[in-house]
Amino acid sequence: MNARAALRDVVHLASDIGPREATSRNFATAASFVETRFERHGYEVRRTTVRVPAGNSWGTPVRRGTSVNVIAEPMDFDARKPYVVVGAHLDTVPVAPGAEDNASGIAVMLQLAAMVSQQPAALPVQFIAFGAEEPRGSGDALHHFGSRQFVADLSRSERRAIQAMVALDRVGVRAGYVPVCSANEEGNRLRAAIRETARRAEIVTRACTNRTSDHWPYAKAGVAAIRLGGIPYSGYHSRGDVPRVVDRRQLDRVGRTMWAWLLTLN
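Everything numeric in this text was worked out from a predicted model, so none of it was measured.

Q: When you look at unusual backbone geometry in this model, what are you seeing that I'm missing?
A: Note: most peptide bonds trans; most residues except glycine with negative phi. The linkage connecting aspartate 101 with the following residue, asparagine 102, adopts the cis geometry, with an omega of 15°. Even without being glycine, arginine 170 reaches a positive phi, approximately 60°. Tracing the backbone through its elements, the reader meets arginine 170 in the loop between β7 (162-168) and β8 (178-182). Exposure remark for arginine 170: the relative accessible area of 12% places this residue in the buried category. One non-glycine residue, glutamate 202, lies in positive phi territory at about 60°. Following the sequence through the fold, glutamate 202 ends up in the loop between α6 (188-200) and β9 (205-209).

Q: Help me understand the sheet that holds β7, please; the structure alone is not making it clear to me.
A: Within a sheet, each strand pairs with its neighbour through backbone hydrogen bonds, oriented either parallel or antiparallel. Taken together, the 8 strands give an open sheet; going across it, the order is β1-β4-β6-β5-β7-β10-β8-β9, and neighbouring strands pair in mixed fashion. Strands at the two margins of the open sheet, each flanked by one partner only, are β1 (44-52) and β9. Averaged over all neighbouring strand pairs, the angle between strand axes comes to 25°, with direction disregarded. As paired strands, β7 and strand β10 (residues 225-228) are joined by 4 bridges and run parallel to one another. Each bridged residue has a counterpart across the sheet, and for leucine 168 the counterpart in β10 is leucine 228. Along the sheet, helix α3 (residues 99-118) makes contact with β5 (83-89), β6 (125-130) and β7, crossing β5 at roughly 145°. Where α6 meets the sheet, it contacts β7, β8, β9 and β10, and its direction lies at approximately 165° from that of β9.

Reading guide: rules and limits
- Residues numbered from 1 in each chain as written.
- Predicted model: local features only at pLDDT ≥ 70, side-chain atom pairs only at ≥ 80, totals over all residues.
- Heavy atoms only, no water.
- Helix = DSSP H or I, 4+ residues; strand = E, 2+ residues; numbered from the N terminus.
- Buried < 20%, exposed > 50% of the residue type's maximum accessible area, 1.4 Å probe, protein only.
- Pairing = 2+ DSSP bridges.
- Axes fitted to C-alpha atoms, helices over the stretch in contact; angles between N-to-C directions.
- Contact = heavy atoms within 4.5 Å.

On their own, these measurements won't tell you what the molecule is for.
Okay, here's the thing in structure tokens:
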């Protein structure tokens, strides 16, 4: 896990690109950045279009439009055979540079993609940068558009093939532990497995329950799904969500936790 490189990606997304509302030009720039990085590591990369409605995103009116999911898969990937999903949302609320929410998750995911490309896990890993995770109103119907649409478009055999899904969301705020959150009973065994691999790597974790990220649509579809991350911080969904709120050591803990788990897959 190259946490310094991950932190550089956080700075690029939050400072060089800035706020990445799901239908904005900045989001499109960020999506191209992620796509290029995936391709550099030898993945087959594709996009799916995500339609999002007009609404209110954390106090800011937003127009309807389209966003994208950016999906990276090994060259010989077969979605009908067992695999795991690692995802992170790329968008932000309109006012926020989004260093923690969620450049941190994207940055760790890109590091994991690089690591897996060099040392593949026993099960194939599908990496997804989700568009339009941030709410455009209250309730599930106006939240996580990218992952909801992606899951809805999967065939029954493709859903059955997913052995686990992990969403990396807000993983960089300094803390002495890594939050590992399930959404429902299907995710509890996965949560326990990841916490056990972290324990063996001498990384402290805490169990929690959470339904506010891209793991939730997978969990509702019957997939074992969890979220890593979610430490409270004062810059949440504001102009204060800048790179200084992200701690390199926390990025390292999350990346090493995920890598330890991926190496246990069989």
